[in-house]
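Examination of the molecular architecture
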Amino acid sequence: MTSAEAPVSSAVAPPPLPPQPRLPRAWKFLGTSLWGLVVFAAMFAGQLSVLAYFVITDDAPFSLDEVAEQAESGLTVALSVVTGLPAVLLALWIAIRLSGVPFADYLALRRASWRHLLLGIVAMVVLVTGWEGISKAVGHESSPAFMVDVAKSARADGALWLLVVSFCVVAPVSEELLARGFLYRGWSESFLRPIGAIVLSSLVWTAMHLQYDWFFFGQIFSIGLLFGYLRYLSSSIWPTVILHGFNNLAATLQTLWLAGSP
C-alpha cells in the first residue's frame, strides 16, 4: 500500500518590515557648528537690514563716513538688536525641526528652581564686583566709550527706552538661545561633553562681542563660563536668560550714568 504524497510547501518570504522612523536626536559637533554659523549669519543679516535701511533712506550722499555714523546711532543699534531676534528664531526653528526634537526640549525651555537662580545671582554679583575691582586697579574704563556714545545718541533721538529694552530683554534672549541653548545642547552630546561645550560656547559668545577690547573679552568669557555651568546645573536656559538680562541692565544703567556725566 502506497502512501499519498505530501504536498510540497513553497517557502513564502515574510513581508518586509515597514521603515522605522528616525529617532529624534540633537545635532552633534559638526552639525551644531554648521547650523550655529547659519543662525549667526541670520542674526547678522537681520541686524544689518536696519543699517541698510537707514543708509538707503538717508538723503545725504552715500559715503563710508555716513555708514559709520548710522552704525553708531542709538536708534540704529537698538532696532538692529530687535530685528536680529526673529531671524535667530527662524533659523533655530529650521535647524531644530530637521532634528526631530521638540523646539522647547532642544533649547531647554523648561522651568528651573529658584535655588539655581539665586545661586546664579550671588555668583554673578561676586564675579562682576571682582571685575569692577580689577578695572579700577588697572585704570581701565568701566564701560566702553562707544557704548556711552550710543547711549547719548539714543537719548537725543528719543529712543532710550528702546535701547534699554533691546539690551536688557531682546539681546539676552537671542544670544542665550544660540549659545547656551542650541550650541550647548549639540556640543554637550558630542565628544566635547558638557565641560567642553561650556568652554567652547563661552568662547563663541565672547567672539560675538568684537566691539569690545581684550579686557572686556576676559570679563565676557568668565560670565559665559558661569552661564554655561548654570545651564548644566539647572538643565534650563531660563536662569541664564534672566541673569544675562540683569547683567545687561546693570551695565546699561552704568553706561547711562556715565553718559549723563559732564
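All of the points below concern the structure found in this document. Values in this document were obtained by computation on a predicted structure and should not be read as measured data.

Quick word on the overall build of the protein chain
Looking only at helices and strands, the protein chain has 10 helices and 0 strands in total. In the protein chain, the succession of helices and strands from N to C terminus is α-α-α-α-α-α-α-α-α-α. A compact globule built from 262 residues would reach a C-alpha radius of gyration of about 18 Å, whereas the protein chain, at 26 Å, exceeds it by more than 25%. Along the first, second and third principal axes, the C-alpha atoms of the protein chain reach 125 × 50 × 30 Å. Across the 262 residues in the protein chain, those meeting the buried criterion constitute 43%. Excluding contacts between residues fewer than 6 apart, the proportion of contacts in the protein chain whose partners are at least 24 apart in sequence is 75%. A total of about 15,000 Å² of accessible surface is found on the protein chain, and carbon and sulfur atoms cover 71% of it.

What about a negative patch on the surface?
A cluster of acidic residues, Asp-65, Glu-69, Glu-72 and Asp-149, forms a negative patch on the protein surface. By secondary structure assignment, the location of Asp-65 is in helix H2 (residues 64-71). Asp-65 sits in the exposed class, given a relative accessible area of 64%.

Side note on the side chain of His-209
Mapped onto the fold, His-209 is located in the loop between helix H8 (193-207) and helix H9 (214-234). Residues contacting His-209, with those up to four places away along its chain left out, are Glu-175, Phe-217 and Ile-220.

Quick notes on the nonpolar core
Leu-92, Tyr-106, Leu-107, Phe-182 and Trp-205 are the most contacted members of the largest nonpolar core, which totals 35 residues. Among all residues touching Leu-92, those that are not within four sequence positions of it are Val-39, Phe-103, Leu-107, Leu-177 and Phe-182. By size, the runner-up hydrophobic cluster in this structure holds 13 residues, among which are Ala-78, Val-81, Leu-85 and Met-147.

Some points on the packing of H9 against helix H10 (residues 238-260)
The description of two packed helices rests on the angle between their axes and on the distance between the axes. Between H9 and H10, the shortest axis-to-axis distance is 9 Å and the interhelical angle comes to 150°. Taken together, H9 and H10 sit at an angle that is classed as roughly antiparallel. In this structure, H9 crosses over H10, and the sense of that crossing is right-handed. Here Ile-223, Phe-227, Leu-230, Arg-231 and Ser-234 of H9 lie close against H10, whose contacting residues are Pro-239, Thr-240, Leu-243, His-244 and Asn-247. Each residue belonging to the contact of H9 with H10 can be placed in one class, and the counts come to 5 nonpolar, 4 polar and 1 charged.

Focus on the environment of Trp-187
Among the structural elements, Trp-187 can be located in helix H7 (residues 160-188). Its relative accessible area of 4% is what places Trp-187 among the buried residues. Residues Trp-187 and Phe-29 lie 158 residues apart in sequence; the distance between their C-alpha atoms is 5.2 Å. Those residues in contact with Trp-187 that sit more than four places away from it in its chain are Lys-28, Phe-29, Thr-32, Ser-33, Leu-192, Arg-193, Ala-197, Leu-200, Ser-201 and Val-204.

Reading the values: the criteria
Residues numbered from 1 in each chain as written. Predicted model: local features only at pLDDT ≥ 70, side-chain atom pairs only at ≥ 80, totals over all residues. Heavy atoms only, no water. Helix = DSSP H or I, 4+ residues; strand = E, 2+ residues; numbered from the N terminus. Rg over C-alpha atoms; globule rule 2.2 N^0.38 Å. Buried < 20%, exposed > 50% of the residue type's maximum accessible area, 1.4 Å probe, protein only. Contact = heavy atoms within 4.5 Å. Areas by Shrake-Rupley, 256 points an atom, 1.4 Å probe, with all protein chains shown as cover. Patch = residues over 30% accessible without salt bridge, like charges linked within 9 Å, V, L, I, M, F, W, Y side chains within 5 Å. Salt bridge = Lys/Arg side-chain N within 4 Å of Asp/Glu carboxyl O. Lys, Arg positive; Asp, Glu negative; His and termini not counted. Charge placed at Lys NZ, Arg CZ, Asp CG, Glu CD. Core = buried A, V, L, I, M, F, W, Y, C linked by side-chain atoms within 4.5 Å. Axes fitted to C-alpha atoms, helices over the stretch in contact; angles between N-to-C directions. Parallel < 35°, antiparallel > 145°, perpendicular 65-115°, else oblique. Left-handed = near helix turned anticlockwise from the far one by under 90°. Nonpolar A, V, L, I, M, F, W, Y, C, P; charged D, E, K, R; others polar.

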